[in-house]
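Coordinate analysis (summary)
If you want the building blocks of each chain, they are given just below.
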Amino acid sequence: MSSSSSSLLLSLSLFLLLSATANAAHPNFIITIVNNCPYAIWPAIQPNTGHPLLERGGFYLDKLSHRSFPGPQQLWSGRIWARTACSNSNGRFCCATGDCAGRIECAGAGGAAPASLAQFSLNQGGDLDLSSYGVSLVDGFNIPMTVTPHEGKGNCPVVGCREDLLAACPSELQLRSPAGHGPVVGCKSGCEAFGTDELCCRNNYNSPATCRPSSYSEFFKHACPATTTYAYDSPSLMHECSSPRELKVIFCQ
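The notes below deal with the structure included here. Treat the numbers as computed from the prediction; the structure is a model and nothing was measured.

1. Observations concerning the state of the cysteines
Two cysteines, two sulfur atoms, one covalent bond between them: this is a disulfide. Here the structure, examined in full by the defined rule, presents eight disulfides. Bridging Cys-156 to Cys-241, the disulfide has an S-S length of 2.0 Å. Its S-S torsion of about 90° marks the bond between Cys-156 and Cys-241 as right-handed, since a negative value means left-handed. Note that Cys-156 is positioned in the loop between β9 (153-154) and β10 (159-161) and Cys-241 in strand β13 (residues 239-242), a separation of 85 residues in sequence. The residue that forms a disulfide with Cys-201 is Cys-211, at a sulfur-sulfur distance of 1.9 Å.

Rendered as structure tokens:
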């Protein structure tokens, strides 16, 4: 290889390295999941298609404890939720809410509704390196949760739902475990409970003009205004925070 080719290759390598560094997250960026509940939970993480799996997709978290792990350094999007009332008997693992195909480590599988969801689009690049986040009750509610960014710049509020909605959940939306006679463990969305196109915002109702809030989504919105409660809810509820050092997902705050 000629010296000019070597110099060109070195320059290109340096350019790519600097570009990647410029668009990377905070070099010490971490995600912390906190369980402030008086019971154990099994947090779950599902990346969107094409994005890497974090922490094998799920783990056990004892009551009043937390777990921190390195956050992605490049563009990443996905969701985090908690599985509750889980058991492992006769070689079968299952959870009353948020179950991901009977796995302890979800390995990319989604969770069963109803479940409170934290949604993320991290390290979006550019000069501000924005990370978007929000809490969604579109798939119903199973546990209070908030998202708190630390040391970010710009629009970085704490968002989510601190209220425990299970006691007030309308009877037609209640999920009980054991089914029918057990305690209420989840509060379904109108879509999950009734499956109509109108409540699910599909087919003729799949647009901002035709997908409207319902009495069921308004139940969630009234209790937890800083959440998304139906498919075309306000996009301003996804907040863009520049280069946070930590994103903390807190259950039962």
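Back to the text.
2. What about unusual backbone geometry?
Here the amide bond leading from Ala-113 into Pro-114 is cis, since omega sits at 5°, within 30 degrees of zero. Looking at the secondary structure, you find Pro-114 in the loop between β5 (92-97) and β6 (117-122). In this structure, the amide linkage connecting Ser-177 to the following residue, Pro-178, adopts the cis form with an omega of 0°. Mapped onto the fold, Pro-178 is located in the loop between β11 (174-176) and β12 (184-187). Its identity is not glycine, yet Cys-201 carries a phi of approximately 55°, on the positive side. Counting through the fold element by element, Cys-201 comes out in the loop between α3 (197-200) and α4 (215-223).

3. Brief notes about the sheet that holds strand β1 (residues 30-35)
With respect to topology, five strands assemble into an open sheet ordered β3-β1-β14-β8-β10, the strand pairing being mixed. The open sheet has two edge strands with one neighbour each: β3 (65-70) and β10. Pairwise comparison of adjacent strand axes, ignoring direction, gives a mean angle of 15° for this sheet. With six bridges joining them, β1 and β3 adopt antiparallel strand pairing. When the sheet's bridge partners are listed, Ile-30 is paired in β3 with Pro-70.

The rules we used
Residues numbered from 1 in each chain as written. Predicted model: local features only at pLDDT ≥ 70, side-chain atom pairs only at ≥ 80, totals over all residues. Heavy atoms only, no water. Disulfide = S-S within 2.5 Å. Helix = DSSP H or I, 4+ residues; strand = E, 2+ residues; numbered from the N terminus. Pairing = 2+ DSSP bridges. Axes fitted to C-alpha atoms, helices over the stretch in contact; angles between N-to-C directions.

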